[in-house]
Amino acid sequence: MIRLFRSRMYLALALLVMVLLFGVFGYRFLSDYTWIDAFYMTIITVTTVGFSEVRPLDAEAKIFTVLLIITSVFIFAFAISVITEYILSRNALQILKKKKVKNKISSLSSHVIICGFGRNGNQAAERLKAYNRPFVVIEKNKEVIEKFEEEILFVEGDANEDETLIEAGIDRAQFLITAMPDDAANLFVVLSARQLNKDLFIISRASQVTSQKKLRLAGADKVIMPDKIGGDHMASLVVIPDLITFMDKLSTEGEHTTNLEEVTIENFMAQIDNHSLRDLDLRKKTGCTIIGYIEPNGNYIINPEADLKLEPQGKVIVLGRPEQIKKLNEMFHID
């Protein structure tokens with residue numbers, strides 16, 4: 001629809017230019033006016049301002065002026081109507097688009113809220129899209145919103161305001177990622193979010209080491225320092241380059257390309273007898289290897305023993321090629 005309005009607007013502008021050129025050339029050659037006088041006569045004629053002519057017109061010039069006035073009246077009326085319709089329709093489409101986005105957000109539950117769409121927020125959004133996880137981004141920069149609004153759900157506003165968080169569905173959200181560059185802003189968001197949703201899992205970015213403790217006290221479950229992670233990674237490439245390169249090959253870019261998977265024990269309980277890692281026998285069934293186990297209390301066990309008893313609230317970390325991970329998910333009906 002916008003393309004149609006734009007094409008009509010271009011047509012109206014082209015007709016206006018044609019009228020001006022028609023008038024200028026007509027006065028220039030019919031009445032032997034200079035180019036300046038011809039342009040002046042054209043402007044006062046099509047705008048009907050009532051100024052006097054440069055000099056008295058002869059019969060041919062008067063007939064030409066009448067034709068120019070009649071033509072310009074219709075074309076100007078058409079142009080004004082098209083431009084007005086375009087402006088009104090654009091505003092209406094923006095209202096409809098915002099209402100559509102609001103309805104989509106209202107239908108979400110157990111989704112992720114990302115506060116800030118800078119470098120880190122953008123990366124978080126790309127990863128969530130790769131895993132088909134529903135998410136909403138809170139951003140106050142209109143230019144950023146207009147650039148990405150076709151592919152991402154945005155809430156325009158300040159993440160520090162409770163109304164903005166509520167509009168993003170924080171009461172129904174499962175995770176919140178605050179990725180703004182200012183630690184103080186992240187701290188306020190964490191405080192507000194924790195008050196609005198006690199069960200929310202909050203992940204916050206931090207730039208300063210001194211901010212980590214404050215963010216945790218404010219209610220953040222995890223605090224990430226991107227600069228520290230980047231520096232550690234680069235240093236590791238010097239100390240243990242082959243190991244780091246191998247770990248980079250363990251792709252987790254998307255649900256169809258991952259080499260690692262986290263699976264809750266509930267997904268296995270109905271299909272095993274004695275509830276131990278040995279009973280799972282994932283290596284034989286799917287080709288995947290269990291490389292870690294997370295106990296219900298959050299304790300991590302690396303390379304667990306085969307006789308380790310599984311608990312309902314625990315999780316296993318499995319390693320495998322993408323096709324093996326896919327087979328695992330299909331076999332145990334893992335979403």
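Above this text is the structure in question.
Rules used throughout
Residues numbered from 1 in each chain as written. Predicted model: local features only at pLDDT ≥ 70, side-chain atom pairs only at ≥ 80, totals over all residues. Heavy atoms only, no water. Phe/Tyr/Trp six-rings, centres within 6.5 Å; stacked < 30°, edge-to-face > 60°. Helix = DSSP H or I, 4+ residues; strand = E, 2+ residues; numbered from the N terminus. Buried < 20%, exposed > 50% of the residue type's maximum accessible area, 1.4 Å probe, protein only. Lys NZ or Arg CZ within 6 Å of the ring centre and 35° of its normal. Axes fitted to C-alpha atoms, helices over the stretch in contact; angles between N-to-C directions. Parallel < 35°, antiparallel > 145°, perpendicular 65-115°, else oblique. Left-handed = near helix turned anticlockwise from the far one by under 90°. Contact = heavy atoms within 4.5 Å. Nonpolar A, V, L, I, M, F, W, Y, C, P; charged D, E, K, R; others polar.

(A) The arrangement of the packing of aromatic side chains in detail. In total, this model carries nine aromatic pairs according to the counting rule given. Seen in terms of ring centroids, F25 and W35 are 5.4 Å apart; in terms of plane orientation they differ by 85 degrees. Their pairing is edge-to-face. Of the two residues, F25 sits in helix α1 (residues 2-30) while W35 sits in helix α2 (residues 35-46), which places them 10 residues apart along the sequence. For W35, a relative accessible area of 43% puts it in the partly exposed group. Pairing Y27 with F64 gives two aromatic rings, centres 5.1 Å apart and planes at 90 degrees, and the pair type is edge-to-face. With Y27 in helix α1 and F64 in helix α3 (residues 59-106), this pair connects stretches of sequence that are 37 residues apart. F64 carries the same exposure label as Y27, and that label is buried. Put simply, the rings of F22, Y27, Y33 and F64 pair up and form one aromatic cluster. Above the face of the F29 ring, R28 is positioned so that its terminal group lies 5.8 Å from the ring centre. When the ring centre of W35 is taken as reference, the NZ or CZ atom of R28 above it lies at 5.1 Å.

(B) Geometry of the packing of helix α7 (residues 183-196) against helix α8 (residues 209-218). Direction vectors running N to C along α7 and α8 enclose 15 degrees, while the axes themselves pass 9 Å from each other. In terms of axis orientation, α7 runs roughly parallel to α8. The chirality of how α7 crosses α8 is right-handed. Contact with α7, carried on its side by D183, N186, L187, V190, L191 and R194, involves S211, K214, L215 and A218 of α8 and no other residues of that element. Classifying every residue of the contact of α7 with α8 by side-chain character gives five nonpolar, two polar and three charged.

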